[in-house]
Amino acid sequence: MCLLVLLIHYQYEIPFSYFSLLSSCLKDCGADCAKFQKSVLECKFNKKALERPYNSPHAWGKTYGDHKRHLEFNHDQYKELQKYAEEIGIYFTASGMDELGVPFIKVASLDTNNFPYLKTTAEKGRPMVISSGMQSMETMHRVYNLVKPINPNFCILQCSSAYPLSVEDVHLRVIREYQSAFPDIPIGYSGHETGIAITVAAVAMGAKVVERHVTLDKTWKGNDHQASLEPNELAELVRSIRLVEKAMGSPIKRLLPCEMICRSKLGKSVVAKTKIPAGTALTLSMLCVKAAEPYGLPPEDIFELEGKTVKRDIEEDESITEEEIEK
Ligand SMILES: CC(=O)N[C@H](C=O)[C@@H](O)[C@H](O)[C@H](O)COP(=O)(O)O
Ligand SMILES: C=C(OP(=O)(O)O)C(=O)O
C-alpha cells in the first residue's frame, strides 16, 4: 500500500481561536499533518508589490501589504499552534519556514523557481515537499536537477494555482509526466478545486502526498475558502483516499479466492453438444460452452481440443474434463 501523507492547509483568515477546533477536527478526520503558511513579507514582496492596491472582495486591507500583514500569524502564535498539534498527535509544518523544527519543509508554488531559496532549503537536509503551481515542465526539470544532488529526500506535487480551480485546469495527467520524468522520487498532488473526487483520482494515479486546504465554512471571506474542504468533506476525503489506496491492490491479474463462489456458479466450461462415443476425434461442432457441473475444461482452450480423441463415451450436455481427453 502506498504511503500517503495528507497535508492540511489551514485558512489563515479564520480567527485564531478557531484553530484548536480545526486541529482536533483534522486529527479526527484522519489527516496526518496540519500545514500553515509563514512568511516575512518584506522578503517575499518588494515595496511596490506591498503598496499595490488590493481591491478583491477578499481583501483585508487597502494595499496587498496591509492585507497580508492582517493575515500573518506571529511567532508565538505559531509556537502555540505547534504545541497544540503536538498535544493532539498530528504533524505540524508550514511552507516557508524551518526555525520551528518541522518534520519536513513545504516549498510553496510561488517559491519553486526561487532557486537561491530552494538551494538553501535543500541544504538544510530536511525532507522537502515542492509544489509546482505556476511552473513549466522545463522549470520542474531544473528544480529536480538542483535539489536532487543536495537532498534526495523530496517530492514534487502537481498543482495549478487558482482558487477555486476549474476542472479543465487541473491536468491530472501531469502526475504521469512527473512519474516518468522523476521515477526516483514520490509524486503528489496539491489541489485547489472544489469537492473531493479529483483529489481521490490523483491518489488512484499514484499521488503519494496530498494537500488540500481546509476551512470551517466555505462562505467566509478569504481567497481560498471556496476551494477548501469543510470538516465533513475532509473526513470523506480521508476515508475515500484510504479506501482507494487499499483498492489499488496488485498489478497481477489472476483468479482470486474470493471469485471461486461466483466461478463455481457461473464460470463457463467446455460441454458436449451431442453424444460423443469413445475414440471420436473432436470437432468444434460437437462442443459448446456452458456453466456446467462439474467444472470442465476452460473454454479459452476449446480450439486446442479439435482433433483430440475422447477416452470414454460422453453424454450430450456433459462437461468435458481434462481426464477424458487423450494426451
Ligand atoms: C501560490 C500561493 O501562495 N498559494 C497559496 C496556497 O495555495 C494561497 O493560499 C494564496 O496565498 C492565496 O490564494 C492568496 O490569496 P490572497 O492574495 O487573497 O492573500
Ligand atoms: C501555496 C502553497 O501551496 P501550493 O503551492 O501547493 O498551492 C503553500 O504551501 O503555501
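Residues numbered from 1 in each chain as written. Chains lettered and ligands numbered in written order. Predicted model: local features only at pLDDT ≥ 70, side-chain atom pairs only at ≥ 80, totals over all residues.

1. A closer look at the overall build of the protein
On a plain count of helices and strands, the protein comes out with eleven helices and ten strands. The C-alpha atoms of the protein give a radius of gyration of 30 Å, which is well past the 20 Å a tight globule of 327 residues would have. Across its three principal axes, the protein shows a C-alpha extent of roughly 95 × 40 × 35 Å. When each of the 327 residues of the protein is scored for burial, the buried share is 29%. (Helix = DSSP H or I, 4+ residues; strand = E, 2+ residues; numbered from the N terminus. Rg over C-alpha atoms; globule rule 2.2 N^0.38 Å. Buried ≥ 20, exposed ≤ 12 C-beta atoms within 10 Å, placed from the backbone.)

2. A few points about the site of ligand 1
In the vicinity of ligand 1, the contacting residues are Ser56, His58, Ala108, Ser109, Leu110, Gly133, Ser161, Tyr163, Asn223 and Asp224. Looking at the shell around ligand 1 residue by residue, the classes come out as three nonpolar, six polar and one charged. (Near = placed C-beta within 6 Å. Nonpolar A, V, L, I, M, F, W, Y, C, P; charged D, E, K, R; others polar.)

3. Regarding the domain arrangement of the protein
Taken domain by domain, the protein consists of domain 1 (5–38 + 73–248) and domain 2 (257–324). For domain 1 and domain 2, the distance between their C-alpha centroids amounts to 57 Å. (Domains from an automatic or database assignment.)

4. Details of the nonpolar core
Within the largest apolar cluster, 45 residues are counted, with the highest numbers of intra-cluster contacts made by Met128, Ile130, Cys155, Ile156, Leu157 and Ala207. If sequence neighbours within four positions are ignored, Ile156 has contacts with Ile130, Ser132, Met140, Tyr178, Phe182, Ile185 and Ile187. Counting residues in each nonpolar core, the second largest holds eleven residues, with Val270, Leu287, Ala292 and Leu297 among its members. (Core = buried A, V, L, I, M, F, W, Y, C linked by C-beta atoms within 7 Å. Contact = placed C-beta atoms within 7 Å.)

5. A few points about the site of ligand 2
Around ligand 2, the neighbouring residues are Gln37, Ser95, Lys106, Ala108, Ser109, Ser131, Gly133, Leu157, Cys159, Ser161, Ser190 and Glu211. Tallied by class, the residues present in the shell around ligand 2 amount to three nonpolar, seven polar and two charged.

6. With respect to helix 7 (residues 137–150)
One full turn of an α-helix is made of 3.6 residues, so residues set three or four places apart face in the same direction. Between its first and last C-alpha, helix 7 extends 20 Å over 14 residues, near the 20 Å set by a 1.5 Å rise per residue. Along helix 7, the residues classified as buried are Met140, Val143 and Val147. The buried residues of helix 7 occupy one face: seen down the axis, they fall within an arc of 55°. The outward face of helix 7, more than 90 degrees from its buried face, is lined by the exposed residues Glu138, His141, Asn145 and Pro149. Buried-residue contacts for helix 7 involve helix 6 (115–123), strand 5 (128–131) and strand 6 (154–158). (Expected span 1.5 Å × (residues − 1). Arc of directions from axis to C-beta.)

7. Points about helix 8 (residues 173–181)
Inspection of helix 8 places Val174, Ile175 and Tyr178 among the buried residues, and these make up the whole buried set. Take helix 8 and look down its axis: the buried residues cluster within an arc of 105°, on one side only. Relative to its buried face, helix 8 has exposed residues pointing more than 90 degrees away, namely Arg173 and Ser180. For helix 8, the secondary structure elements touched by its buried residues are strand 6, strand 7 (187–191) and helix 9 (197–204).

8. Structural notes on unusual backbone geometry
Residue Tyr163 is joined to Pro164 through a cis peptide bond whose omega torsion reads -5°. Among the structural elements, Pro164 can be located in the loop between strand 6 and helix 8. In the segment running from Glu293 into Pro294, the intervening peptide bond is cis, with an omega of -5°. Its place among the elements puts Pro294 in the segment after strand 10 (287–291). With phi around 65°, Met134 is a residue other than glycine that occupies positive phi space. Mapped onto the elements, Met134 comes out in the loop between strand 5 and helix 7. Despite not being glycine, His171 shows a phi value in the positive range, around 55°. Residue position: His171 is located in the loop between strand 6 and helix 8. Accessibility expressed as a C-beta count within 10 Å gives 12 for His171, which makes it exposed.

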